[in-house]
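Structural characterization, general
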Amino acid sequence: MSEPKTAALKLKKTVVLVGMMGAGKTAVGRALAHRLGVPFLDSDAEIEAAAAMSISEIFARDGEAFFRDRETEVIGRLLRGPCCILSTGGGAFLSPRNRAVISQAGVSLWLNAELKVLWSRVKNKDSRPLLRTPDPLQTLRDLYDARVPVYAEADLQVMSCAGYTIDMMTTEVIAALATRPDVLEVL
């Protein structure tokens, strides 16, 4: 069970969690939202709800470009709402449009994890359309190599280590957010 909401902290901007698939954006995001007493939203879940289709089905039917356009629309809409913790898909932050809107309305936080940690978390999951290739590990490696330099542009970064629990990661994220008084106010 997660720690109870931290009453001495006030979120002033939406925190947008970015990073590779398997970095812990959803699990840490939920725990972080609980501790801060704010909503947790997932851009992929919001896209699926709006389309009444899974991400995999959207990719198969309409392609990645169509999906990325919907993703940008949804992220923009969610950032215009009340402060929350927003988990994004692994490719969301790659879009310059998304990075710009996130920078204007929120703060980006990269959950950075080594490739071997990511692979251990995603290798047995069928819910990753980009890994449906003859060599999913090589595909993940290629995605990792291409995306890490872009993720490094995030406002904040926290390492997602294999031995960390969700609560430990959440504490690390809160410590990183606390370095930004424009994002997290300590009451």
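Now for a look at the structure at hand.

Thoughts on the overall build of the protein
The helix and strand tally for the protein stands at seven helices and seven strands. When the helices and strands of the protein are placed in sequence order, the string is β-β-α-β-α-α-β-α-β-α-α-β-α-β. Compactness check: the protein gives a C-alpha radius of gyration of 16 Å against a globular reference of 16 Å for 187 residues, within 12% of the reference. With the C-alpha coordinates aligned to their principal axes, the bounding extent of the protein is approximately 50 × 35 × 30 Å. Each of the 187 residues in the protein was classed as buried or not, and the buried ones make up 45%. Looking at the protein alone, contacts between residues at least 24 apart form 77% of all its contacts between residues at least 6 apart. Carbon and sulfur atoms make up 55% of the accessible area of the protein, which totals about 9,000 Å². Treating the 23 positive side-chain charges of the protein as one cloud and the 22 negative ones as another, the clouds have centres 3 Å apart.

As for the side chain of Ser 108
In this structure, Ser 108 sits in strand 5 (residues 106-112). A residue is classified by how much of its surface remains accessible, and Ser 108, at 3% relative accessible area, is buried. Here the side chain of Ser 108 touches Asp 155 through a polar contact of 2.9 Å, landing on its backbone nitrogen. The residues contacting Ser 108, other than those within four sequence positions of it, are Val 16, Phe 93, Ile 102, Ala 154, Asp 155 and Leu 156.

Quick notes on unusual backbone geometry
A positive phi angle is found at Ala 52, which is not glycine, with a value near 55°. With relative accessibility at 70%, the residue Ala 52 sits in the exposed group.

Quick look at the packing of aromatic side chains
For the coordinates displayed, the defined rule picks out two aromatic pairs. Residues Phe 59 and Phe 67 carry aromatic rings whose centres are separated by 5.1 Å and whose planes lie at 45° to one another, so their mutual orientation is tilted. Side by side, Phe 59 and Phe 67 carry an identical accessibility label, which is buried. With a centroid separation of 5.9 Å and 40° between ring planes, the pair formed by Trp 110 and Tyr 151 is classed as tilted. With Trp 110 in strand 5 and Tyr 151 in helix 6 (residues 136-151), this pair connects stretches of sequence that are 41 residues apart. Exposure class is identical for Trp 110 and Tyr 151. Each is buried. One cation-aromatic arrangement involves Arg 70 over Phe 66; the distance from NZ or CZ to the ring centre is 4.5 Å. Directly above the ring of Phe 93 sits Arg 99, whose terminal nitrogen or CZ lies 6.0 Å from the centroid.

A closer look at the pairing of strand 5
Of all seven residues in strand 5, seven are buried, a share of seventy percent or more. As judged from the five bridges shared by strand 2 (residues 14-18) and strand 5, these two strands associate in the parallel manner. Within strand 5, the residue paired with Thr 14 across the bridge is Gly 106. Across four bridges, the pairing between strand 5 and strand 6 (residues 156-159) is parallel. Of the residues in strand 6, the one forming a bridge with Asn 112 is Met 159.

A short note on the sheet that holds strand 3 (residues 40-42)
Ordered by their spatial adjacency, five strands build an open sheet running 3-4-2-5-6, and the pairing between neighbours is parallel. Strands at the two margins of the open sheet, each flanked by one partner only, are strand 3 and strand 6. Each neighbouring strand pair of the sheet contributes to a mean axis angle of 25°, computed without reference to strand direction.

Rules used in this analysis
- Numbering of residues starts from 1 in each chain and follows the order in which that chain's sequence is written.
- With the structure being a predicted model, the display of local features is reserved for residues of pLDDT at least 70 and the display and counting of side-chain atom pairs for 80 or more, all residues being used for whole-chain, interface and lining totals.
- Hydrogens and water are ignored here; the side-chain numbers use all heavy atoms of the structure.
- Secondary structure elements are taken from DSSP: a helix is a run of H or I of four residues or more, a strand is a run of E of two residues or more, and numbering for both begins at the N terminus.
- Computation of the radius of gyration draws on C-alpha atoms alone. For the globule rule, the value is 2.2 Å times the number of residues to the power 0.38.
- Three labels apply to residues, based on accessible area from a 1.4 Å probe with only protein chains included: buried if under 20% of the type maximum, exposed if over 50%, partly exposed otherwise in between.
- Contacts between residues were defined by any pair of non-hydrogen atoms, one from each residue, lying within 4.5 Å.
- Accessibility throughout is a Shrake-Rupley quantity obtained with a 1.4 Å probe, and a residue counts as covered only by protein chains that appear here.
- In this tally, Lys and Arg are treated as positive and Asp and Glu as negative; His is ignored, and so are the chain termini.
- Where a charge lies is defined by one atom per residue type: Lys uses NZ, Arg uses CZ, Asp uses CG and Glu uses CD.
- In protein, a polar contact requires one atom able to donate a hydrogen and another able to accept it; more generally it is a pair of N or O atoms within 3.5 Å, and residues adjacent in sequence count only if both atoms are side-chain atoms.
- Stacked, tilted and edge-to-face are the three classes assigned to paired rings of Phe, Tyr and Trp, where Trp is represented by its six-membered ring and a pair needs centres within 6.5 Å; plane angles under 30 degrees give stacked, over 60 edge-to-face, the rest tilted.
- A ring is considered to have a charge above it if a Lys NZ or an Arg CZ atom is located within 6 Å of its centre and within 35 degrees of its normal.
- Strand pairing is defined by DSSP finding a minimum of two bridges between the two strands.
- Whenever a helix is involved, its axis is fitted only over the stretch in contact; in every case the axis is a line through C-alpha atoms, and angles between N-to-C directions fall within 0 to 180 degrees.

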